[in-house]
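Structural overview for review
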Amino acid sequence: MASPVKSPGHVAAPGLGGVGESPLRPDGTLKVAGEFAYASDLWMDGMLWGATLRSPHPRALIRSIDIGPALALPGVRAVLTHEDVPGRKMFGIDHVEDQPVLAIDQVRHQGEPVALVAADHPETARRAMEKIVVGYEVLEPITDPRAVIADPEGLKVQDLGGITRHQPVRVGDVDAAKAGAEVVVAGEYEVGIQDQAFLGPESGLAIPSDDGGVDLYVSTQWIHNDVKQIAPCLGLAEEQVHMTLAGVGGAFGGREDLSMQIHAAMLALHTGKPVKMSYNRYESFFGHVHRHPALMRYEYGATADGRLLYADVEIVLDGGAYTSSTKNVVGNAASLGVGPYEIPNIRIDAYGVYTNNPPCGAMRGFGAVQACFAYESMMDRLGAACGLGPVEIRRRNAVSRGSKLATGQVIESPAPLADMLTRLEAMPLPPPLDPSDLRNLPGGVSQTTHGEGVVRGVGYGVGIKNICFSEGFDDYSTARVRLEVIGGEATALVHTAAAEVGQGLVTIQAQIARTELGVQRVTIAPADNRVGDAGSSSASRQSYMSGGAVKAACEAVRAGLLALAARRLGRADLAVVGGKIVSRADGVLGTVEDVLGDAVIEETREYHHRPTTAMDPVTGQGRSHTQLALCVHRAVVDVDADLGLVKVIELAAVQDVGKIINRTGVEGQIHGGSAQGLGLAVMEEIVVSDGVVRNPSFTDYLIPTILDMPPMRLDILENPDPEAPYGLRGAGEPPTLSSTPAIVAAIRAATGRALARVPVRPEHIVQGD
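Before going into details, it helps to say that this report is about the structure given with it. For every chain, the first residue of its written sequence is number 1, and the numbers climb from 1 along that sequence. Local features are withheld for residues below a pLDDT of 70 in this predicted model, meaning they are given only at 70 or higher, and side-chain atom pairs are given and counted only at 80 or more; totals for whole chains, interfaces and linings count all residues. Only hydrogens and water are set aside when side-chain values are computed; all heavy atoms of the structure are taken into account.

1. With respect to the overall build of the protein
So the rule is basically this: Strands here mean DSSP runs of E at least two residues long; helices mean DSSP runs of H or I at least four residues long; both are numbered from the N terminus. Here a residue-residue contact requires only that any non-hydrogen atoms of the pair lie within 4.5 Å. To measure how exposed things are, a 1.4 Å probe is used in the Shrake-Rupley method; for residues, cover is taken only from the protein chains shown. In summary, the charge assignment counts Lys and Arg as positive and Asp and Glu as negative, without counting His or the chain termini. Every charge is mapped onto a representative atom, which is NZ of Lys, CZ of Arg, CG of Asp or CD of Glu.
The helix and strand tally for the protein stands at 18 helices and 32 strands. In the protein, 80% of the contacts between residues at least 6 apart in sequence involve partners at least 24 apart. In the structure as shown, the protein presents an accessible area of about 27400 Å², 52% of it carried by carbon and sulfur atoms. Here the protein carries 66 positive and 91 negative side-chain charges, and the mean point of each set is 3 Å from the other.

What follows is the structure in structure tokens.
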């Protein structure tokens, strides 16, 4: 069966541009012009439309399901419940299959899928969905994560217990250190539920295939992990699930878990027809996981001159109804729970718990964001108690090369944190804005102020984030590279399963191929599971891992090309330079096209990063991360303290990226990460009451717009990591960490409020904590 849509892959990367340059993104113009094919644009003649009935209750027993009224509606082709799941009824992303394909005997969160409908028209599918009658016995939801920790067996949401993971970290003797501390500060902090807020909703098309399986065109972050979960639930072999990446409208972790994949495939296999599913915005809020909300208690002790002696920390992450990636998020929060500071005595207890609140999982920053807000708030509090400024207190305690993290892991690559702080502090501050232009004031053109009562504040934030997968996970990516002459020009075809989710990976793969092979024409094949696993487009890992795989495959192809040239030219001292075959002694001997002729050279390589180890379950010690990245932010804000309105005037950032592969792309990642951090600081929160989401729309869930995002000053450092391809260091997540506490610190400086919760609301500023 023909493909339903021209794939967003197979994009010939235009123009020149190798590693270190900034060629144009091949998908950029299409996206700006509104011509890019996203998953929600998929279409096939004769396809059906799928819809999902979801629970309105956060916790209830299912006593009955009557699908008769829905089936009786003209145009309805199928109504399916858990009884129609052809294979395994449970799935899960993180080796814990605790999530039902469709609810079986109970629902554990609002929005849990209960039944599926396929119909000739999307409106018919929606009407049929509303005619399904479900008999619920509503139960009291479990929503207090600290209560679960106090009574994990009595407040069980899952058979696994109330606690998903408890990860302690123990260094030195905290109790003894407390006796010697001259300055002690403590605080309790809270982070609300942030949504990934990607603009492209969960969408895809499922088509029955000739081998009895299914072809899936889906927007996702990890093709192979999807297939591993989908196939058993459909009762198929993995080879019968043929998945191709459809156009992805953003991800940020929200597409790591399955959404409509199994449901669309079930309907397609049941009806024998192509089935499209595309969530509306309301449903999208229930169709993917969110950032874990956090409750955190911190106590720091130090000498009078601000040298940290101990940290005593509790971090509680609410994972909601199912495991998802909570265990790994807890590991990140624990290992990075006190940030990039030297502390000789540490006690951390990090918990992930089950509740009947919305399921939470991966989101940009992955547990480190929540901890960063708390430990950076504590550094400001400690600095004030010691009479030191926010930069100096951080500089005195900053890690450097050879320092140890809380887990005992030694920082091997250069980590010039003290220098980064000094560089940031030296950046010029923005001048006062012209108050006669209302756009410059908090509240903007709503004319809430004309400058009276507006106070400026400056704040700093530091974040440290792991790059790639951690704790012993065998993290790898696969790439296949083919070199041949097409139309008289040497052409490289790069094929990986790595998901382009907007981060610019397609461009970077082409840059690497041009650099390694010396050819200009590079095509990136559609990402699918006809090539080996590339891992997830998350953890700031794809440039490192898939970039490493493409580099390795290109090196193998280049070696094959030079071997062919050596045979044909009778020379051994050869190299490929700018599309030419060059002899060290005699210069240019011919072109790549001359040597290749009709030959085709194709190589496939896997790239693995160096091994990591799991954290010790008692002490938390271990080399759990393969790479670490730092970003520091300075925020300048203007605050109308009478109305609680905030305008972020400027964000400045210094970030170490190891090696710049594509400067424009790196700058975009820092800008984008900072924007999401700004959103968490002052506006973004899924409001949940008794397990029920109160604002599942972009009308009430606010995200930063171009009017909210300020100008940025960037200082991008290159301290190469010798273990990484080209020395690069993942760049996408670190700015998300440090921007939030910097903005909140600036608001504190302007208002004098403690502000222990994000997002900061106007009432927090006006009324205080």
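2. Looking at the nonpolar core
Heads up, the rule is: Put simply, buried Ala, Val, Leu, Ile, Met, Phe, Trp, Tyr and Cys residues joined by side-chain atoms within 4.5 Å make one nonpolar core. Burial status follows relative accessibility: with a 1.4 Å probe on protein chains alone, a residue under 20% of its type maximum counts as buried, one over 50% as exposed, and anything between as partly exposed.
In this structure, Tyr 298, Tyr 300, Ile 315, Val 338 and Ile 743 are the most contacted members of the largest nonpolar core, which totals 93 residues. Excluding residues that lie within four positions of it along the chain, Tyr 300 makes contacts with Val 183, Val 184, Val 185, Leu 308, Tyr 310, Ala 311, Val 338, Tyr 375, Met 378 and Met 379.

3. So, the pairing of strand β13 (residues 214–218)
Our working definition: For two strands to be treated as a pair, DSSP must find at least two bridges joining them. With its strands directed away from the observer, a crossover is right-handed exactly when the path from the first strand over the helix to the second travels clockwise.
Across the 5 residues of β13, 5 count as buried, placing the element largely inside the fold. What you see with β13 is no split at all: Val 214, Leu 216 and Val 218 on one side and Asp 215 and Tyr 217 on the other are buried throughout. Where β13 and strand β14 (residues 241–245) come together, 5 bridges link them in parallel fashion. The residue bridging Tyr 217 from the neighbouring strand is Thr 244, located in β14. Between β13 and its parallel partner β14, the chain crosses via helix α6 (residues 223–234), and the hand of that crossover is right-handed.

4. Side note on the side chain of Arg 364
Note the threshold: When a carboxyl oxygen of Asp or Glu is within 4 Å of a side-chain nitrogen of Lys or Arg, the pair counts as a salt bridge. Under the rule applied, a polar contact is a pair of N or O atoms within 3.5 Å (in protein, one hydrogen donor and one hydrogen acceptor; residues adjacent in sequence only if both atoms are side-chain atoms).
Mapped onto the fold, Arg 364 is located in the loop between β18 (345–353) and α10 (368–385). Of the side chains with opposite charge, Glu 733 comes closest to the buried, unpaired Arg 364, at an N-O distance of 6.6 Å. A distance of 3.3 Å separates a polar atom in the side chain of Arg 364 from the backbone oxygen of Gln 669. A polar contact of 2.8 Å, which involves the side chain of Arg 364, links it to the backbone oxygen of Gly 732.

5. Quick word on empty space enclosed by the protein
Just so we agree on the cut-off: Buriedness of a pocket was judged along seven lines, with at least five required to meet protein on both sides within 12 Å; pockets are open sets of points on a 1 Å grid over the protein atoms alone, cavities are sets where a 1.4 Å probe fits but cannot get out, and lining residues have an atom within 4 Å of a point. Grid points are joined across faces, edges and corners, and a volume is the space filled by probe spheres set on the points. When residues are grouped by polarity, Ala, Val, Leu, Ile, Met, Phe, Trp, Tyr, Cys and Pro land in nonpolar, Asp, Glu, Lys and Arg in charged, and all others, Gly among them, in polar.
Enumeration over the complete set of coordinates arrives at 5 cavities of 30 Å³ or more. Size it by volume and the largest cavity reaches roughly 250 Å³. Looking at the lining of the largest cavity, the elements with two or more residues in it are β6 (99–100), α7 (261–271) and α8 (281–287). Partitioning the lining of the largest cavity into residue classes produces 10 nonpolar, 7 polar and 2 charged.

6. Some details on the pattern of salt bridges
As enumerated under the stated definition, the model contains 48 salt bridges in all. One salt bridge in this structure joins Glu 685 and Arg 757, with 2.5 Å as the shortest N-O distance. Of this pair, Glu 685 sits in the loop between α16 (663–682) and β29 (688–689) while Arg 757 sits in strand β32 (residues 757–758), and the two are 72 residues apart along the sequence. On the accessibility criterion, Glu 685 (11% relative accessible area) is buried. The network of salt bridges with common partners includes Asp 175, Lys 178, Glu 299, Asp 312 and Arg 347.

7. So, the packing of aromatic side chains
The condition is simple: Any Phe, Tyr or Trp ring, taking Trp's six-membered ring, that has another such ring centre within 6.5 Å forms a pair; planes under 30 degrees apart are called stacked, those over 60 apart edge-to-face, and the others tilted. Either the NZ atom of lysine or the CZ atom of arginine qualifies as a charge over a ring when it sits within 6 Å of the ring centre and within 35 degrees of the ring normal.
Tallying each qualifying case throughout the model produces 12 aromatic pairs. On the numbers, 6.0 Å between centres and 70° between planes, the contact of Trp 43 with Trp 49 is edge-to-face. Given the relative accessible area of 49%, Trp 43 is considered partly exposed. Considering the side-chain rings of Tyr 298 and Tyr 300, the 6.0 Å spacing of their centres and the 65° angle between planes classify their relative orientation as edge-to-face. Tyr 298 sits in the buried class, given a relative accessible area of 2%. The structure contains a cluster of three or more aromatic residues connected by ring pairs, namely Trp 222, Phe 469 and Phe 473. For the cation-ring pair, Arg 541 lies above Phe 469, with the distance from its terminal atom to the ring centre recorded as 5.0 Å.

8. Brief notes about the sheet that holds strand β15 (residues 275–278)
In plain terms, the rule: Helix axes use the C-alpha atoms of the stretch in contact, all axes being lines fitted to C-alpha atoms, and the angles between their N-to-C directions lie in the range 0 to 180 degrees.
Ordered by their spatial adjacency, 7 strands build an open sheet running β4-β8-β2-β15-β12-β13-β14, and the pairing between neighbours is mixed. If you trace the sheet from one side to the other, it starts and ends with β4 (76–80) and β14, each paired once. Averaged over all adjacent pairs, the angle separating strand axes in this sheet is 20°, with direction ignored. Sheet analysis places strand β12 (residues 203–208) next to β15, joined by 4 bridges and oriented antiparallel. In the strand pairing of β15, Leu 205 is matched with Lys 276. Of the strands in this sheet, β2 (48–54), β4 and β8 (113–119) touch helix α3 (residues 122–131), which is tilted by about 25° from β2. α6 contacts β13 and β14 of the sheet and is inclined by roughly 145° relative to β14.

9. Structural notes on helix α11 (residues 390–397)
Basically, it comes down to this: Here the arc refers to the set of directions running from the helix axis out to each C-beta atom.
Taken together, the buried positions of α11 are occupied by Val 391, Ile 393, Arg 394 and Asn 397. Around the axis of α11, the buried residues are gathered within 165° of arc, so they sit on the same side. Here the buried face of α11 lies against β17 (308–318), α10, α12 (417–426) and β19 (454–467).

10. Examining the environment of Arg 571
Mapped onto the fold, Arg 571 is located in the loop between α14 (542–569) and β23 (574–577). The spatial distance from the C-alpha of Arg 571 to the C-alpha of Ser 583 is 8.0 Å, given a sequence separation of 12 residues. The contacts of Arg 571, once residues within four sequence positions are left out, are Ala 566, Ser 583, Ala 585, Asp 586 and Leu 589. Engagement of the side chain of Arg 571 in a polar contact is seen with the side chain of Ser 583, the distance being 2.8 Å.

11. Remarks on the layout of surface pockets
As a volume, the second largest pocket reaches approximately 860 Å³. As for the second largest pocket, its lining consists of 35 residues, of which Val 646, Lys 647, Val 648, Leu 707 and Asp 708 are closest to the centre. Counting only elements with at least two residues in the lining of the second largest pocket, the list comes to β28 (645–656), α16 and α18 (762–767). The element contributing the most residues to the lining of the second largest pocket is β28, with 6 residues.

12. Examining the environment of Pro 741
One can find Pro 741 in helix α17 (residues 734–751). Spatially, the C-alpha atom of Pro 741 lies 31 Å from that of Pro 725, the residues being 16 residues apart in sequence. Apart from residues no more than four positions distant in its own chain, Pro 741 is found in contact with Cys 372, Phe 373, Glu 376, Tyr 460 and Gly 461.

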